[in-house]
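Residue-level structure breakdown
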Amino acid sequence: MFSNAEIGIDLGTANILVYTKSKGIVLNEPSVVAIDIRTNQVVAVGKEAKEMIGKTPRNIVPIRPLKDGVIADYDITAQMLKEILKKVSKIVGVSMRKPTVVVCTPSGSTSVERRAIHNAVKSYGAKEVHLIEEPIAAAIGADLPVDEPTANVIVDIGGGTSEVGIISFGGVVSCKSVRTGGDKMDEEIIHYIRKHFNILIGERTAENIKIEIGYALIEHEEQSMDVRGRDLVTGLPKTITVTSTQIQQAIRESLEAILDTVRSTLESCPPELSGDIVDRGVTLTGGGALLKGMQEWLASEIFVPVHLAPHPLESVAIGTGRSLKMIHKLQKAIK
């Protein structure tokens, strides 16, 4: 039924992960492409392109072609996929001719956005392209029994979107997504430092701050970090010290938006499944799940156990790959 090359792609706003049946996750690279605007040629993809952000000459522009979990720039996404799949065939050591591909899509994406993802993958020469909803892929990757008639709640905090899904019997019972995630937190950190310190920092610096001293809204021992940026008054480089409590304040809005989404999804859960949620709790996946204190904070706010998936960053990609076995059953459930 399937060709030999079967791959699952987690087409994320922040990272693209590729899963193959034989080797598991073979590629995990940032969703960034560096384009030479004079020739429209791709100069670099992934890690190399991300390292260029904020450091390139005028004619080379690093672009993130995916925004809020969906394709913002179709042509560049297609070029990026081509380069990524070339890398994968080198790593795996086999030609990726006419592979069967499963790609995950945000549950809130429109039919136009889904069609764009389908066409971008198909243009590479895929034999078959299947789309799977992100919460289902995340739940499969987090080892939850998705095909059983019990409630599995997944909270997937990605780069562009955060999705909360209640899955039972192979399908989504209730799902809500909010276009808030790791990228929005980075923006809020940039804005906070600009407003309070008159210092301009870049995206990569903001991301490093979030990883090093970012905390969910819990009490903790305050930590500090030196940050370098450009003084907006003098225009000269300057070093400042920021604390973890300041960063907590900076990202408060994003965290509260995610919490509201979790609450409203749980409120729309059928009463028969609510009992399962009290027993089994909620599973966190995605890069945002790694924010310090996230598990503890959510558990204290929603009063049910909160578990961390075994591989939060890779759950969606693993689930996308594993779903190849059960794709037809899942598609019936989705339809």
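Residues numbered from 1 in each chain as written. Predicted model: local features only at pLDDT ≥ 70, side-chain atom pairs only at ≥ 80, totals over all residues. Heavy atoms only, no water.

The condition that has to hold: UniProt positions are given in the numbering used here, feature names are shortened, and annotations may be inferred rather than shown by experiment.
Under an unreviewed UniProt entry, the name given to the protein chain is Cell shape-determining protein MreB, and the source organism is Aquibacillus halophilus. Taken verbatim from the UniProt record of the protein chain, the Function (unreviewed entry) comment is "Forms membrane-associated dynamic filaments that are essential for cell shape determination. Acts by regulating cell wall synthesis and cell elongation, and thus cell shape. A feedback loop between cell geometry and MreB localization may maintain elongated cell shape by targeting cell wall growth to regions of negative cell wall curvature." Word for word, the UniProt comment on the protein chain under Subunit (unreviewed entry) is "Forms polymers."

**Here's the deal with the sheet that holds strand 14 (residues 199-200)**
Here is the rule: Note on pairing: DSSP must find at least two bridges between two strands before they are called paired. Helix and strand labels come from DSSP, where a helix needs a run of H or I of at least four residues and a strand needs a run of E of at least two; each type is numbered from the N terminus.
If you trace the three strands from one edge of the open sheet to the other, you get 14-15-16, paired in antiparallel fashion. Two strands lie at the open edges of the sheet, namely strand 14 and strand 16 (237-243), each paired on one side alone. Where strand 15 (residues 224-231) and strand 16 come together, seven bridges link them in antiparallel fashion. In the sheet register, methionine 225 faces strand 16, and the bridge partner there is valine 242.

**Thoughts on the nonpolar core**
Proteins that are soluble and globular tend to have nonpolar side chains buried together. What counts, and what does not: Definition used in this section: a nonpolar core is a set of buried Ala, Val, Leu, Ile, Met, Phe, Trp, Tyr and Cys residues joined via side-chain atoms within 4.5 Å. Summary of the burial criterion: residues with accessible area below 20% of their type's maximum are buried, those above 50% are exposed, and those between are partly exposed, where the area comes from a 1.4 Å probe applied to protein chains only. Each domain's limits were defined by an automated method or a database of domain assignments. By the convention used here, residues are in contact when the closest approach between their heavy atoms is within 4.5 Å.
Grouped together as the largest cluster of nonpolar side chains are 44 residues, with contacts concentrated most on Ile189, Ile193, Ile201, Ile209 and Trp297. Looking at which element gives the most residues to this core, the answer is helix 7 (residues 244-267), with seven residues. Looking at which domains feed residues into this core, each of domain 2 (145-180 + 257-309) and domain 3 (182-250) supplies at least three. Beyond its immediate chain neighbours, meaning those up to four positions away, isoleucine 193 contacts Asn198, Ile199, Ile201, Ile209, Ile240 and Val242.

**Observations regarding the pairing of strand 17 (residues 282-285)**
The criterion, for reference: Looking down the strands as they point away from the viewer, one classifies a crossover as right-handed if the path from the first strand across the helix to the second runs clockwise.
Side-chain alternation along strand 17 places Val282 and Leu284 on one buried face and Thr283 and Thr285 on a second face that is also buried. Relative to strand 17, strand 11 (residues 152-157) is paired through four bridges, and the arrangement is parallel. Bridge assignment links aspartate 156 to a residue of strand 17, and that residue is threonine 285. As judged from the three bridges shared by strand 17 and strand 18 (residues 306-308), these two strands associate in the parallel manner. The residue of strand 18 that forms the bridge with valine 282 is valine 306. Between the parallel elements strand 17 and strand 18, the chain passes through helix 9 (residues 294-302) in a crossover that is right-handed.

**A look at the layout of surface pockets**
Quick reminder of the rule: A pocket, in this scheme, is an open set of points on a 1 Å grid over the protein atoms alone with protein on both sides within 12 Å along at least 5 of 7 lines, while a cavity is a set where a 1.4 Å probe fits but cannot get out; residues line either one if an atom lies within 4 Å of a point. Grid points are joined across faces, edges and corners, and a volume is the space filled by probe spheres set on the points. Residue polarity follows a fixed list, in which Ala, Val, Leu, Ile, Met, Phe, Trp, Tyr, Cys and Pro are nonpolar, Asp, Glu, Lys and Arg are charged, and the others, Gly among them, are polar.
Quantified by volume, the largest pocket comes out at close to 1200 Å³. Contributing to the lining of the largest pocket are 48 residues, with Ala14, Gly158, Gly159, Gly182 and Asp183 lying nearest its centre. Those elements giving two or more residues to the lining of the largest pocket turn out to be strand 1 (6-11), strand 2 (15-20), strand 3 (24-30), strand 7 (66-67), strand 11, helix 5 (182-197) and helix 6 (203-213). A total of seven residues in the lining of the largest pocket trace back to one element, the largest contributor, which is helix 5. Broken down by class, the residue content of the lining of the largest pocket amounts to 15 nonpolar, 16 polar and 17 charged. Empty space within the second largest pocket amounts to approximately 300 Å³. When residues of the lining of the second largest pocket are traced back to their parent elements, those giving at least two are helix 6 and strand 15.

**As for the domain arrangement of the protein chain**
Interface size is commonly expressed as the accessible area that is lost once the parts come together. Cut-off, in case you're wondering: Summed over both partners, the accessible surface that disappears when two parts come together, traced with a 1.4 Å probe, is what is meant by buried area. Salt bridge, as used here, is a side-chain nitrogen of Lys or Arg placed within 4 Å of a carboxyl oxygen of Asp or Glu. N or O atoms within 3.5 Å of each other form a polar contact, as long as, within protein, one can give a hydrogen and the other can take it, and as long as residues adjacent in sequence are counted only when both atoms are side-chain atoms.
Partitioning the protein chain into domains gives domain 1 (6-137 + 315-334), domain 2 (145-180 + 257-309) and domain 3 (182-250). Taking the mean C-alpha position of each, domain 1 and domain 2 sit 25 Å from one another. Contacts between the two partners involve 19 residues from domain 1 and, on the opposite side, 19 residues from domain 2. Surface buried jointly by domain 1 and domain 2 totals about 1400 Å² across both partners, of which 57% is contributed by carbon and sulfur atoms. A per-residue breakdown of the area domain 1 buries against domain 2 is headed by Asp68, Pro135 and Ile136, which together make up 38% of the total. Summed over the shared surface of domain 1 and domain 2, the number is one salt bridge. Linking arginine 179 and glutamate 113 is a salt bridge whose minimum nitrogen-to-oxygen distance equals 3.7 Å. Run the count over domain 1 and domain 2 and you get one residue pair in polar contact (both at pLDDT 80 or more). Here the side of domain 1 that touches domain 2 gets six residues from one element, more than from any other, and that element is helix 10 (residues 315-334). Its residues assigned to classes, the side of domain 1 that touches domain 2 shows nine nonpolar, five polar and five charged.

**Details of the side chain of asparagine 59**
Mapped onto the elements of the fold, asparagine 59 is located in the loop between helix 1 (47-51) and strand 6 (60-63). Aside from chain neighbours lying at most four places away, what touches asparagine 59 is Ile35, Asp36, Ile37 and Arg38.

**A look at the sheet that holds strand 12 (residues 162-168)**
In a beta sheet, neighbouring strands are held together by backbone hydrogen bonds and run either parallel or antiparallel to one another. Heads up, the rule is: To obtain each axis, a line is fitted to C-alpha atoms, and for helices this fit is confined to the stretch in contact; angles are then taken between N-to-C directions over 0 to 180 degrees.
With respect to topology, five strands assemble into an open sheet ordered 13-12-11-17-18, the strand pairing being mixed. The open sheet terminates on both sides in strands that have one partner only, identified here as strand 13 (171-178) and strand 18. Neighbouring strand axes in the sheet, compared pairwise and without regard to direction, differ in orientation by 20° on average. Sheet strands in contact with helix 7 are strand 11, strand 12 and strand 13, and its direction is about 155° off that of strand 13. Across the sheet, helix 9 is in contact with strand 11, strand 17 and strand 18; its angle to strand 18 comes to roughly 160°.

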